[in-house]
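Commentary on secondary and tertiary structure
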Amino acid sequence: MIIIWEKVNHLALSVEKQNQEKQALPSSIIHCVGNTPVVSLQRLFRERGIEVIAKLEYMNPGGSMKDRPARYMIEQGLREGTITADSHLIESSSGNLGVAMAMVARVYGLKFTCVVDPKTAPSNLRILKQLGAHIEMVTEADDQGGYLKTRIKRVQELLHTIPNAVWMNQYANDRNWQAHYHGTGKELAEQLTEPPDCLVAAVSTTGSILGCARRLREKFPNLKVIAVDAVGSVIFGAKPQRRELPGIGSSRVPEILAKDEIDEVVYVNDRESVQGCRDLLYHEGIFAGGSSGSVIAAIQKLIPTLPRPYRICTIFPDRGDRYLDMVYDEAWVNRLP
């Protein structure tokens, strides 16, 4: 009788364990967003007293950190009713947010139009099409030599022609930085076992650097925040210049920008970003995108000026396969000014 009871009890525990495992399984690909790892870059940065820790945001299922705001903005909109089953989402994107929004829109059965430009990576355009997004390509450069302003102009036109259109507006949407405050920044605060001296992060909308900085400073109040911007970007008041690398910099100032929360800005040009990508790949085996290379180049510029010991925290926004036709293509690099 005791043996029979033990077998019944074991079976009940086994069934309970299986039910718990089923409940723990993600119900869709977007529930796999987040919980990305951190790694110490000990091979690339060997200087005594310098530690560089990177969060690998390119390991999100959509291939970039933009999975976080895409999911957060859409799900919050669905909860409050500003997005419904009949909504047609619209966004201007150089690639990563577009891919992320297309992925989330597919899961929720929503229509999505992505406004892009000729500098969008060809691989991102193909991914957008496979995910069912409608692509609007603008070809006219704006008054600063970029395409962002003409993309926004096209978005405004589409809002008046597409029924039930909803513009996510990543440059002005507070849920952009909030996604990183509750996601990337929260995870970093838990993953960092020792206080970092600074956060070094690439900027475009400024959502990721602000969200992460605000969360990290709650735990590490002495944290210095250093933005990495592209030469030719106007975010912090620099003069516009030709830029070829997507995903970093901007030809307009984001509405969500809070300059007083950023302590320093380091500018990196396209060629420096390319070299940063290649240094990262050669020394660490990390195949990352252009903005990650920009961060590496910026840290290399900073190191000679830093005290010892010094701990740097950074973020790698996207993966390198999206840049095979750009950063990792010699013909494209040779055309850079």
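Residues numbered from 1 in each chain as written. Predicted model: local features only at pLDDT ≥ 70, side-chain atom pairs only at ≥ 80, totals over all residues. Heavy atoms only, no water.

Quick notes on the pattern of salt bridges
Oppositely charged side chains may form a pair once their charged atoms are brought near each other. Under the criterion given, the structure shown has 23 salt bridges. Here glutamate 75 ties to arginine 79 by a salt bridge, and the two come within 4.0 Å at their closest N and O atoms. Taken together, the positions of glutamate 75 and arginine 79, both in helix H2 (residues 67–80) and four residues apart, correspond to about one turn of that helix. One salt-bridge network, held together by shared partners, links Lys55, Glu57, Arg68 and Glu187. (Salt bridge = Lys/Arg side-chain N within 4 Å of Asp/Glu carboxyl O. Helix = DSSP H or I, 4+ residues; strand = E, 2+ residues; numbered from the N terminus.)

Considering H2
Compared with the 20 Å implied by 1.5 Å per residue over 14 residues, the 20 Å span of H2 between its first and last C-alpha is a close match. For H2, every residue scored as buried is listed here: Asp67, Arg68, Pro69, Ala70, Arg71, Met73, Ile74, Glu75 and Gly77. As for H2, its buried residues are in contact with strand E2 (50–56), strand E3 (88–92), helix H3 (96–108), helix H6 (174–182) and helix H7 (184–191). Just past H2, the residue glycine 81 takes up positive phi, approximately 95 degrees. (Expected span 1.5 Å × (residues − 1). Buried < 20%, exposed > 50% of the residue type's maximum accessible area, 1.4 Å probe, protein only. Contact = heavy atoms within 4.5 Å.)

Let's talk about the sheet that holds strand E10 (residues 310–316)
One open sheet accounts for six strands, arranged E1-E2-E10-E7-E8-E9; its pairing is mixed. The open sheet has two edge strands, strand E1 (38–40) and strand E9 (264–268), and neither has a second partner. Across this sheet, the average inter-strand angle for adjacent strands is 25 degrees, counted without regard to direction. Pairing geometry for strand E7 (residues 198–202) and E10, over three bridges, is parallel. Bridge assignment links valine 200 to a residue of E10, and that residue is threonine 314. (Pairing = 2+ DSSP bridges. Axes fitted to C-alpha atoms, helices over the stretch in contact; angles between N-to-C directions.)

Notes on unusual backbone geometry
With an omega dihedral of -5 degrees, the bond running from arginine 308 to proline 309 counts as a cis peptide bond. Residue asparagine 35 is not a glycine yet carries a positive backbone phi of 55 degrees. You will see that threonine 206, though not glycine, has its phi angle at about 75 degrees, which is positive. Within the element layout of this structure, threonine 206 appears in the loop between E7 and helix H8 (207–219).

Observations regarding the nonpolar core
Counting 42 residues, the largest nonpolar core has Leu41, Val200 and Phe316 as its most contacted members. Elements represented by at least two residues in this core include exactly E2, E7, strand E8 (224–230), E9, helix H9 (270–284), helix H10 (290–302), E10 and helix H11 (330–334). Top element by residues in this core is H10. It accounts for six residues. Counting 26 residues, the second largest nonpolar core, distinct from the first, contains Ile53, Leu188, Leu199 and Val225. (Core = buried A, V, L, I, M, F, W, Y, C linked by side-chain atoms within 4.5 Å.)

Considerations on the packing of H7 against H8
Relative orientation of the contacting elements H7 and H8 amounts to 35 degrees, with a least axis distance of 7 Å. The two elements H7 and H8 cross, and the hand of that crossing is right-handed. When H7 is examined against H8, the residues Thr184, Gly185, Lys186, Leu188, Ala189 and Glu190 are found in contact with a partner set consisting of Cys212, Arg215, Leu216 and Lys219. Of the residues contributing to the contact of H7 with H8, the split by class is four nonpolar, two polar and four charged. (Left-handed = near helix turned anticlockwise from the far one by under 90°. Nonpolar A, V, L, I, M, F, W, Y, C, P; charged D, E, K, R; others polar.)

Describing the pairing of E8
Extensive coverage of E8 is indicated by the burial of six of its seven residues. Here E7 runs beside E8; their pairing, made up of five bridges, is parallel. Within E8, the position partnered with alanine 202 by the bridge is valine 228. Once you follow E7 into H8 and on to E8, the crossover reads as right-handed. Pairing of E8 with E9 involves five bridges; the strand directions are parallel. (Right-handed = clockwise from strand over helix to strand, strands pointing away.)

Here we look at a nonpolar patch on the surface
A cluster of nonpolar residues, Ile29, Val107 and Tyr108, forms a patch on the protein surface that exposes about 220 Å² of accessible area. Within the element layout of this structure, tyrosine 108 appears in helix H3. Residue classification places tyrosine 108 among the partly exposed residues on the basis of a relative accessible area of 33%. (Patch = residues over 30% accessible without salt bridge, like charges linked within 9 Å, V, L, I, M, F, W, Y side chains within 5 Å. Areas by Shrake-Rupley, 256 points an atom, 1.4 Å probe, with all protein chains shown as cover.)

Functional significance is not addressed by these values, which are geometric in nature.
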